[in-house]
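If you want the building blocks of each chain, they are given just below.
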Amino acid sequence: MLFDHELTPRQIVEELDKYIIGQEDAKKAVAIALRNRSRRQKLPLEMRDEVAPKNILMIGPTGVGKTEIARRLARLANAPFLKVEASKYTEVGYVGRDVESMIRDLADLSVNMLRSNYSESVKEKAGLIVEERLLDILVPPLTKRTRAKKQEIAKTTEGSALKAQAGEDILARTREKFRKNLRQRKLEDKIISIEVQNRAFPMVEIFSPISFEEMDINFKEMFGGLLPKKTKERKVTVSEAREIMMEEESEKLVDIDKVVFEALEKVENSGIVFLDEIDKIVGSDSKTGPDISREGVQRDILPIVEGSTVATKYGMVRTDHILFIAAGAFHSSKPSDLIPELQGRFPIRVELKSLGKDDFAKILVEPQNALIKQYTLLLGTEGIKLNFTDSAIDEIASLACLVNEQNENIGVRRLHTIMERLLNDVSFRASELSGKEIKIDPEYVREQLADIVENRDLSKYIL
Ligand SMILES: Nc1ncnc2c1ncn2[C@@H]1O[C@H](COP(=O)(O)OP(=O)(O)OP(=O)(O)O)[C@@H](O)[C@H]1O
Ligand SMILES: [Mg+2]
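Residues numbered from 1 in each chain as written. Chains lettered and ligands numbered in written order. Predicted model: local features only at pLDDT ≥ 70, side-chain atom pairs only at ≥ 80, totals over all residues. Heavy atoms only, no water.

Participant: Got a minute to help me understand the packing of aromatic side chains in this structure?
Facilitator: The relative placement of two aromatic rings is captured by the distance of their centres and the angle of their planes. In total, this model carries 1 aromatic pair according to the counting rule given. One residue, arginine 72, lies across the ring of tyrosine 19, its end atom 3.8 Å from the ring centre. (Phe/Tyr/Trp six-rings, centres within 6.5 Å; stacked < 30°, edge-to-face > 60°. Lys NZ or Arg CZ within 6 Å of the ring centre and 35° of its normal.)

So this is what it looks like as structure tokens:
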């Protein structure tokens, strides 16, 4: 895995190029933002706190890669990444305070991310412990008492000492035999009974003015420790038992305090929040009655973006160095309609362009997760060899553009609907076509799609 500090902005862009076609400015901007963070980490402590991240505002129509760029960037940086729709905070039922929930969610995400990393690293150790536990169930060892009893008998009866020893040897050998079978996964379906911890919380009704999200802060800690840990016997297969035990054992092996400490540090220093639909919280809509005004939401978001401390169930999180990437189409508003303080917090503006036919053609084949690759592999599992000619791809791209012009422009997402329709027939008859090579040429594309594209009413529903 590559890490951010090892990548130069140019390399970051190259990595993004593997998934996103075009949008060079946006890619450059996020690459610089990411690099700036690792630059900041190298500064002396006093200086480090002075350097605020340069938040980014992405402007562009729907389906041109805004979210995709941010998501890929986060993955590249191995950073905790949260996407939220800014407009959700204007919905009835939300109060201003809840804007902070984005930071709590980010913290959750980071803790889970690290927890699973650490669980992975103790997997081997946990596996060995689980194996012993399973063997104890399959070949129960002698309890101290029975062993003592046997030895007692052995003293009194002639020849029994030998027998007892032999008994122990047999037991040990049986255990090894079972161990071998366990490792070869020969006992997976055998039913055994195990003790599982019953962690169900008792149902409590909560009448409280604060939201559940906030209740969450200490709920588990408050009650979790107090409740008696009940165990319950369950009959499960060996393979289920292994899974349950693996979870239990890795939980014991992972130092949760360390996980939380590192996770919060990661949130504070490399967390990324993607604020989608920021344009939907522009302008006050006081005319529409009892409102949590949009501008109000902007004001709520402001302190978080500016840097404040948010209480999460794991502890306080400082938001000063979290990178915020806001995005919006800004069809009926402009970034300058945002409240000035918020504008100032998103100094880097990048515009994403609407994509045309040539871009579509590239998007169909070039990205590592390109649609054509996906369909070819999917149908490959049915023994079908799909073969797209270059001119067929051009044809698909131009039909997608056409439909985008005729109906609504949904950007690259149009390719998904078109491809699905194009291969509808093949997908359906896949098992009958097994072993065949199917050539997709412009004629085939037109045959499958032309009627629908030409019939506007129809295409509104189907494509
Ligand atoms: N430039 C591009 N190159 C490759 N794939 C793209 C590109 N733009 C979009 N896509 C694909 O199209 C889909 C939608 O893109 P994305 O989610 O980034 O849209 P968006 O710009 O965030 O739109 P919205 O404003 O609706 O949120 C994704 O599956 C993405 O992989
Ligand atoms: Mg998006």
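Participant: Just to check I follow, could you spell out the site of ligand 1 for this structure?
Facilitator: Not every one of the 16 residues close to ligand 1 is listed here, only the nearest: Ile21, Thr62, Gly63, Lys66 and Thr67. Within the backbone of glycine 63, one N or O atom sits 2.7 Å away from an oxygen atom of ligand 1. The pocket occupied by ligand 1, as judged from atoms lying within 2 Å of grid points, is the second largest pocket. Elements with a contribution of two residues or more to the shell around ligand 1: α4 (66–77) and α17 (413–422). Broken down by element, the shell around ligand 1 gets its largest block of residues, 3 residues, from α4. Looking at the shell around ligand 1 residue by residue, the classes come out as 7 nonpolar, 5 polar and 4 charged. When residues of the shell around ligand 1 are sorted by domain, at least three fall in each of domain 1 (9–118 + 259–351) and domain 3 (357–454). (Near = heavy atom within 4 Å. Polar contact = N/O pair within 3.5 Å; in protein donor to acceptor, adjacent residues only side chain to side chain. 1 Å grid on protein atoms, 1.4 Å probe; cavity = no way out; pocket = protein on both sides within 12 Å on 5 of 7 lines; lining within 4 Å. Sits in = over half its atoms within 2 Å of the grid points. Helix = DSSP H or I, 4+ residues; strand = E, 2+ residues; numbered from the N terminus. Nonpolar A, V, L, I, M, F, W, Y, C, P; charged D, E, K, R; others polar. Domains from an automatic or database assignment.)

Participant: Quick question: what am I supposed to make of the nonpolar core here?
Facilitator: A general trend in soluble globular proteins is that nonpolar side chains are found buried together. Membership of the largest hydrophobic core comes to 67 residues, with the highest contact counts inside it found for Ile325, Phe388, Met419, Leu422 and Ile440. Ranked by residues supplied to this core, first place goes to helix α16 (residues 390–406) with 8 residues. Here this core spans two domains, and each of domain 1 (9–118 + 259–351) and domain 3 (357–454) adds at least three residues to it. Setting aside anything within four residues of it in sequence, one finds isoleucine 440 in contact with Leu386, Asn387, Phe388, Thr389, Ala392, Leu422, Leu423 and Val445. (Core = buried A, V, L, I, M, F, W, Y, C linked by side-chain atoms within 4.5 Å. Buried < 20%, exposed > 50% of the residue type's maximum accessible area, 1.4 Å probe, protein only. Contact = heavy atoms within 4.5 Å.)

Participant: What exactly am I supposed to notice about the side chain of glutamate 188 here?
Facilitator: Considering the arrangement of structural elements, one finds glutamate 188 in the loop between α8 (160–183) and β3 (191–198). Take glutamate 188: its relative accessible area is 16%, and that puts it in the buried class. A distance of 2.8 Å separates the side chain of glutamate 188 from the side chain of arginine 242, its partner in a polar contact. Each residue touching glutamate 188, except ones within four places of it in the same chain, is listed here: Leu182, Thr237, Val238, Ser239 and Arg242.

Participant: Where do I start with the layout of surface pockets in this structure?
Facilitator: Rolled over the atoms, a probe with the dimensions of a water molecule shows which regions are left empty. Looking at the second largest pocket, its volume works out to about 840 Å³. The wall of the second largest pocket is formed by 36 residues, among which Gly63, Val64, Gly65, Lys66 and Arg413 lie closest to the centre. Among the secondary structure elements, those contributing two or more residues to the lining of the second largest pocket are α4, α15 (371–380) and α17. Broken down by element, the residue count for the lining of the second largest pocket peaks at 4 residues, all from α4. Considering only residue class, the lining of the second largest pocket consists of 14 nonpolar, 12 polar and 10 charged. Domain assignment of the residues forming the lining of the second largest pocket places at least three in each of domain 1 (9–118 + 259–351) and domain 3 (357–454). (Points joined across faces, edges and corners; volume = space filled by probe spheres on them.)

Participant: What's the story with the packing of helix α6 (residues 123–138) against helix α10 (residues 238–253) in this structure? I'm lost.
Facilitator: In a pair of packed helices, the angle between the axes and the distance between the axes together describe the arrangement. At a minimum axis distance of 9 Å, the contact between α6 and α10 shows a crossing angle of 130°. Here α10 runs oblique to α6, going by the angle between their axes. Once α6 is placed against α10, the crossing between them reads as right-handed. Contact with α6, carried on its side by Lys123, Lys125, Ala126, Gly127, Ile129, Val130, Arg133, Leu134 and Ile137, involves Val238, Ala241, Arg242, Met245, Met246, Glu248, Glu249, Ser250 and Leu253 of α10 and no other residues of that element. A per-class count over the contact of α6 with α10 returns 10 nonpolar, 2 polar and 6 charged. (Axes fitted to C-alpha atoms, helices over the stretch in contact; angles between N-to-C directions. Parallel < 35°, antiparallel > 145°, perpendicular 65-115°, else oblique. Left-handed = near helix turned anticlockwise from the far one by under 90°.)

Participant: Help me understand unusual backbone geometry in this model?
Facilitator: Leaving glycine out, the prevailing phi sign among residues is negative, and the prevailing peptide bond configuration is trans. Even without being glycine, glutamine 23 reaches a positive phi, approximately 55°. The residue glutamine 23 is located in the loop between α1 (9–17) and α2 (24–41) in this model.

Participant: Which parts of the structure should I look at to understand the environment of alanine 361?
Facilitator: Mapped onto the fold, alanine 361 is located in helix α14 (residues 357–365). For the pair alanine 361 and alanine 392, spaced 31 residues apart in sequence, the C-alpha separation works out to 9.6 Å. With residues up to four places along the chain from it excluded, the contact list for alanine 361 reads Ile393, Asp394 and Ala397.

Participant: Help me out: how do you make sense of α16 in this one?
Facilitator: Think of an α-helix as turning once every 3.6 residues; residues three or four places apart then point the same way. The end-to-end C-alpha distance of α16 is 25 Å, a good match for the 24 Å that 17 residues give at a rise of 1.5 Å each. Taken residue by residue, α16 has Ala392, Ile393, Glu395, Ile396, Ala397, Leu399, Ala400, Cys401, Val403 and Asn404 as its buried positions. Buried residues along α16 sit in contact with α14, α15, β10 (385–388), α17, β11 (437–440) and α20 (442–454). (Expected span 1.5 Å × (residues − 1).)

Participant: Just checking my understanding: could you explain the sheet that holds strand β1 (residues 56–59) for this structure?
Facilitator: Working definition: the strands of a sheet are paired by backbone hydrogen bonds and lie parallel or antiparallel to each other. Spatially, the 5 strands line up as an open sheet ordered β2-β5-β8-β1-β9, and their pairing is parallel. Among the strands making up the open sheet, the edge pair consists of β2 (81–85) and β9 (348–351). Each neighbouring strand pair of the sheet contributes to a mean axis angle of 20°, computed without reference to strand direction. Relative to strand β8 (residues 323–328), β1 runs parallel, the two sharing 4 bridges. By the bridge assignment, leucine 57 is partnered in β8 with alanine 326. This element, helix α5 (residues 101–121), spans β2, β5 (272–276) and β8 of the sheet and lies at about 150° to β2. (Pairing = 2+ DSSP bridges.)

Participant: Looking at this structure, how should I read the side chain of glutamate 395?
Facilitator: One can find glutamate 395 in helix α16. A polar contact of 3.1 Å, which involves the side chain of glutamate 395, links it to the side chain of arginine 446. Filtering out sequence-adjacent residues up to four positions away, glutamate 395 remains in contact with Pro442, Val445 and Arg446.

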